[in-house]
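# A closer look at the structure
The chain contents come next:
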Amino acid sequence: RCTVDDRVTRVAWLNRSTILYAGNDKWSIDNRVVILSNTKTQYSIKIHNVDIYDEGPYTCSVQTDNHPKTSRVHLIVQVPPQIVNISSDITVNEGSSVTLMCLAFGRPEPTVTWRHLSGKGQGFASEDEYLEITGITREQSGEYECSAVNDVAVPDVRKVKVTVNYPPYISNAKNTGASVGQKGILQCEASAVPVAEFQWFKEDTRLANGLEGVRIESKGRLSTLTFFNVSEKDYGNYTCVATNKLGNTNASIILYGPGAVHDGGNAASRAAAGLCLWAALLTRLLLDF
């Protein structure tokens, strides 16, 4: 807007050195620019659908009593934040280095932040366009949120999913007791990405589903070995093997009968217990000597 009085004889609007309007005559070829008011008190133009290229100085030039005068206004164009480029979902092996990118545009220039949306809540990750993770762990898998903020409008938010592959780890494998003639179930639970495939062995013999009255069911992280009618020959030590493309692991599980003496720990705990026993005997012998 440009305020004028009745002494003004000529008026014009300029953008830098380009004439937009002279009086009611339009000089600009831009159809977004229109005359809004040309009266004895006001000479105003309007710009529709403003973009960043419209930013800059605008001059209202008036002539009164053969003396030109100018009034200048600077148009500042604000642009909401917009993420223009972001990394795609990615799958990596545990221990790898990962770089996530999030490029954003806006005026004023937006602040870009990364957050890890873990199961424990939103964890702060980085205040930068690039998020670098060195030696990524399985706990660092999940969704990462990029947010671009400049207070002109609501933040622009995008997400990237990071999948971390890791070899199987058997987290639950317990010895189980069952009476002859009853049902017995051995369970083996393994964490792995990709999901592990399971195999069951008795000594060196691999067990097959449906043979000798047993059923093997594997779904997700859990595999079960079911005996529908336990017999004496079923008692003993079984091995669960979990495998994916990054490796394999195994655990020993005992099916025992009522009153049988069994060790609920794994091989490592049995070995540790054996060492403790030998240490105690050796100490007693040395003291007696």
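First, a word on what this report is: a plain description of the structure on this page. Computed from a predicted structure; not experimentally measured.

So, about the environment of Ser-97. Checked against the element boundaries, Ser-97 lands in the loop between β9 (90-93) and β10 (98-107). Here Ser-97 falls in the exposed class, since its relative accessible area comes to 57%. Distance from Ser-97 to Thr-134, taken between C-alpha atoms, is 4.4 Å for residues 37 residues apart in sequence.

All right, on to the nonpolar core then. Ranked by internal contacts, the top residues of the largest apolar core, which has 22 residues, are Leu-186, Trp-200, Leu-225, Phe-227 and Tyr-238. When contributions to this core are tallied by element, the ones reaching two or more residues are β17 (184-193), β18 (197-202), β20 (214-219), β21 (222-227), β22 (236-244) and β23 (247-256). With 18 residues, the next largest nonpolar core counts Val-92, Ile-136, Tyr-144 and Val-160 among its residues.

Sheet architecture is open: five strands sit in the order β16-β23-β22-β18-β19, paired in mixed fashion. Sheet topology places β16 (176-177) and β19 (205-206) at the edges, where each strand pairs with a single neighbour. By the bridge criterion, two bridges tie β16 to β23 in an arrangement that is parallel. Residue pairing in the sheet places Gly-177 in a bridge with Tyr-256 of β23.

This part covers the side chain of Asn-244. You can see Asn-244 is positioned in strand β22. Polar contacts involving the side chain of Asn-244 include one to the main-chain carbonyl oxygen of Tyr-166, which spans 3.1 Å. In this structure Asn-244 touches Tyr-166, Pro-167, Pro-168, Ala-192, Val-193, Pro-194, Val-195 and Ala-196, once residues within four positions along its chain are discounted.

So, on to the state of the cysteines. Applying the stated criterion across every chain, the model contains three disulfides. Here Cys-2 connects covalently by a disulfide to Cys-60, the sulfurs 2.0 Å from one another. The chirality of the disulfide connecting Cys-2 with Cys-60 is left-handed, given an S-S dihedral of about -85 degrees. One end of the pair, Cys-2, is in the segment before β1 (8-15); the other, Cys-60, is in strand β6 (residues 56-64), with 58 residues separating them in the sequence. In this pair, the class of Cys-2 matches that of Cys-60, namely buried.

The rules behind each value
- Residues numbered from 1 in each chain as written.
- Predicted model: local features only at pLDDT ≥ 70, side-chain atom pairs only at ≥ 80, totals over all residues.
- Heavy atoms only, no water.
- Helix = DSSP H or I, 4+ residues; strand = E, 2+ residues; numbered from the N terminus.
- Buried < 20%, exposed > 50% of the residue type's maximum accessible area, 1.4 Å probe, protein only.
- Core = buried A, V, L, I, M, F, W, Y, C linked by side-chain atoms within 4.5 Å.
- Pairing = 2+ DSSP bridges.
- Polar contact = N/O pair within 3.5 Å; in protein donor to acceptor, adjacent residues only side chain to side chain.
- Contact = heavy atoms within 4.5 Å.
- Disulfide = S-S within 2.5 Å.

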